[in-house]
Structures are given as C-alpha cells and as structure tokens.
Amino acid sequence: MPELPEIEVLRRSLEPHLVGDRVERVEVRNRALREPIDARALSRRAAGRDIATLRRRAKYLLIDLTGGQTVVVHLGMSGRLTLAPGGAPPEPHEHAVFHLRSGRKLRLRDPRRFGLLFALPTAGLAADPHFAHLGVEPLEPGFSGGVLAAAAAGRRGPVKPFLMDATVVVGVGNIYASEALHRAGVHPARSVARISAASRAVLRQAIEQGGTTLNDFADGEGRSGYFQVSLGVYDRAGEPCAACGTAVRRLVQAGRSTFYCPRCQR
Ligand code: ZN
C-alpha cells in the first residue's frame, strides 16, 4: 500500500508534466472502485479544463483544474497513476484515462480496485466527507510536538494506534508508525498519556524525517522503496535491531503487527 511520502513523490514527479496541459476527455472503462466512479460527473467537471496545480491531502492526490474544479485520486492498495503516450495500448486494470491536449494520457490502473476517483468543486474539498475529519499533515511546517500533545490530551490507550489515527495525523501507516517509534525510543504499547514532551519532539521529528527520506527516491511511477533501505524494526522480528543488535519483537495491536526493540524502546 502506498504510504503518504510515496504519494508526495508521485505528486512531485507528475506536477511538472501535467500543469498547463488540458483534460480533453475522460474515459472510464471500469466504474467499480471502492466507491463507484461517477463517470458523468467526472467528465462534466474535468473535460475541457486546464490543469492548474497538483496538491496532496493525506494520501489523496488533488488535481486542481481551472474553473474551480478538483479531481481527487486515491490509490488504495494497489493503484498506479502514470503518464503514457496517447497511442499506448490499454494495460490490464486500466480503469480510467484522462486524455490530454498534449496527446498523452494519464491513466489509473488499480488491480485490487480499492482506489477512488472523483471530482468536486475545489471550494467544497474541506467539507467533503473524505476530507472533513482529517488531522494535521505531518510534512507541513505547522506539525509540532505541541500538535501531538494537544491531540493526546484526555486520551488513553497505546501510542501506536494513536499515531495511526487519521483524525490525529494523516498518512502515518503501519511501517511509518513502527519506525518512528523506534527512532524515538518509545515502546508502541506505552500510554499516549505518558509520552514526555521530549519523546513527542523526537517522535514528531522522526515522522517528519520519514517524510523527508522521500528525497532519496526518484521513481516517477510513485512506487518507491520508501523506508525499505532503512527499516530499523519493521517486519524484522527475531532479527537484530539496527541500532543495538537486540532481537526485534513483534506484537499485535489493533489487529496490526507492530515491531519494536525491547531495549531501545521503553
Ligand atoms: Zn535496539
């Protein structure tokens, strides 16, 4: 599943190629994504409009068009959004295609069909049910230890599910959360109410660094090896901790595997 930094990589890699181009026509080959594609609404809002900017909110890619319309893409578990020459033959699972004035096509492939594709007025984004509940962006300058403290106030329960709660911070997936806690030296089961200010600061920094490692990747397919080069604990049960050599342990929290070092993380 693509994590937030990979969507940011995708945004950065597509933006220079898309801005200024125009959506001539939208072709929907298969409507059956996680939510059915409303092909008529998508076409009505997108066709004939220029691409103005590419933004990201959580793991949603936002393609802002002239005339105050925005196309929203979520890659779900297995989606790929790629540019191809207009004459390229359709690939398997190519569910939707934006035919561009430049002659190229922007295509959405999604074998497992957990993705989303829809359009709405740009002004309505914040209030839209997909976005209204979302927490802070971890890669924005406003993300601070204080933001985490405010979100943690009055809460109980272990810190890892808290970090993965999208109403707190968006886009912190299982790998991201395990690795950030390892870097911060915080045990994943520690109560969120018992995270010191210092630990919060390190945690914030670790989450931010997780995001900035995306600079190391230049994969224009949005399929980068995020964190794979530097996994300290994730999916490494029984193997030595990258920092101290102690065997990494696994526990299950909220139905998800969590990996941690019993020595580094308290
Ligand atoms: Zn360790």
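Small disclaimer: the values here were computed from a predicted structure and weren't measured.

*Asks:* Even after reading the chapter, I still don't get the overall build of the protein, so can you show me in this structure?
*Replies:* Each helix and strand in the protein was counted, giving 6 helices and 10 strands. Taking 18 Å as the expected radius of gyration for a compact globule of 266 residues, we find that the protein reaches 20 Å, a close match to that expectation. Referenced to the eigenvectors of the C-alpha coordinate spread, the extents of the protein come out at roughly 55 × 35 × 30 Å. Burial analysis of the protein (266 residues in total) assigns 50% to the buried set. Considering only contacts within the protein whose residues lie at least 6 apart along the sequence, 63% involve residues at least 24 apart. One finds the centroid of the 38 positive side-chain charges in the protein at a distance of 6 Å from the centroid of its 25 negative side-chain charges.

*Asks:* Would you mind going over helix α1 (residues 4-18) with me for this structure?
*Replies:* Three- or four-residue spacings in an α-helix give side chains the same orientation, since the helix completes a turn every 3.6 residues. In this model α1 runs 20 Å from its N-terminal to its C-terminal C-alpha over 15 residues, within 8% of the 21 Å that 1.5 Å per residue would give. Taken residue by residue, α1 has L4, P5, E6, I7, E8, V9, L10, R11, L14 and L18 as its buried positions. Looking at the residues trailing α1, positive phi occurs at G20, about 95 degrees.

*Asks:* Explanation requested: the pattern of salt bridges in the structure shown.
*Replies:* It is possible for side chains bearing opposite charge to pair when their charged atoms get close. This model, assessed by the stated rule, comprises 17 salt bridges. For the salt bridge of R29 with E94, the shortest nitrogen-to-oxygen distance reads 3.8 Å. In this pair, R29 sits in the loop between β1 (22-28) and α2 (39-46) while E94 sits in strand β6 (residues 94-100), placing the two residues 65 residues apart along the sequence. Note that R57 is salt-bridged to E137, the shortest N-O span being 2.9 Å. One end of the pair, R57, is in strand β2 (residues 49-57); the other, E137, is in the loop between β8 (116-121) and α3 (145-152), and 80 residues separate them in sequence. Accessibility expressed as a relative area gives 10% for E137, which makes it buried. Taken together, the shared-partner salt bridges connect E8, R11, R12, E15, R56, R57 and E137 into one network.

*Asks:* Would you mind going over empty space enclosed by the protein with me for this structure?
*Replies:* Rolled over the atoms, a probe sized like a water molecule indicates the empty space that remains. In this structure the tally under the stated criterion is 3 cavities of 30 Å³ or more. L148, A149, A152, V159, F162, V192, I195, R200 and L203 together form the lining of the largest cavity. Residue assignment for the lining of the largest cavity shows that the elements contributing at least two residues are α3, α4 (159-163) and α6 (197-212). Here the lining of the largest cavity gets 3 residues from one element, more than from any other, and that element is α3. Split into classes, the residues belonging to the lining of the largest cavity amount to 8 nonpolar, no polar and 1 charged.

*Asks:* Hey, could you run me through the domain arrangement of the protein in this one?
*Replies:* Accessible area lost when the parts come together is the quantity often used to give the size of an interface. Segmentation of the protein into domains returns domain 1 (4-124) and domain 2 (145-260). For domain 1 versus domain 2, the distance between C-alpha centres works out to 30 Å.

*Asks:* I keep staring at the packing of aromatic side chains and nothing clicks. Help me out?
*Replies:* The geometry of an aromatic ring pair is captured by the separation of the ring centres together with the interplanar angle, meaning the angle of the planes. Taken as a whole and assessed by the stated rule, the structure comprises 2 aromatic pairs. Ring geometry for Y234 against F259: centres 5.3 Å apart, planes inclined by 75 degrees, an arrangement best described as edge-to-face. In this pair, Y234 is assigned in the loop between α6 and β9 (249-253) and F259 in strand β10 (residues 256-260), connecting sequence segments 25 residues apart. Assessed through its relative accessible area of 5%, F259 is described here as buried.

*Asks:* Where do I start with unusual backbone geometry in this structure?
*Replies:* Leave glycine aside and you will find that most residues have negative phi; peptide bonds, for their part, are mostly trans. For H93, which is not a glycine, the phi torsion comes out positive at approximately 65 degrees. In this fold, H93 is placed in the loop between β5 (80-85) and β6. By relative accessible area, which is 40% here, H93 ends up partly exposed. In this structure, D235 is a non-glycine residue whose phi angle is positive, near 60 degrees. Here D235 is to be found in the loop between α6 and β9.

Each value, and the rule that gives it
- Residues numbered from 1 in each chain as written.
- Predicted model: local features only at pLDDT ≥ 70, side-chain atom pairs only at ≥ 80, totals over all residues.
- Heavy atoms only, no water.
- Helix = DSSP H or I, 4+ residues; strand = E, 2+ residues; numbered from the N terminus.
- Rg over C-alpha atoms; globule rule 2.2 N^0.38 Å.
- Buried < 20%, exposed > 50% of the residue type's maximum accessible area, 1.4 Å probe, protein only.
- Contact = heavy atoms within 4.5 Å.
- Lys, Arg positive; Asp, Glu negative; His and termini not counted.
- Charge placed at Lys NZ, Arg CZ, Asp CG, Glu CD.
- Expected span 1.5 Å × (residues − 1).
- Salt bridge = Lys/Arg side-chain N within 4 Å of Asp/Glu carboxyl O.
- 1 Å grid on protein atoms, 1.4 Å probe; cavity = no way out; pocket = protein on both sides within 12 Å on 5 of 7 lines; lining within 4 Å.
- Points joined across faces, edges and corners; volume = space filled by probe spheres on them.
- Nonpolar A, V, L, I, M, F, W, Y, C, P; charged D, E, K, R; others polar.
- Domains from an automatic or database assignment.
- Phe/Tyr/Trp six-rings, centres within 6.5 Å; stacked < 30°, edge-to-face > 60°.

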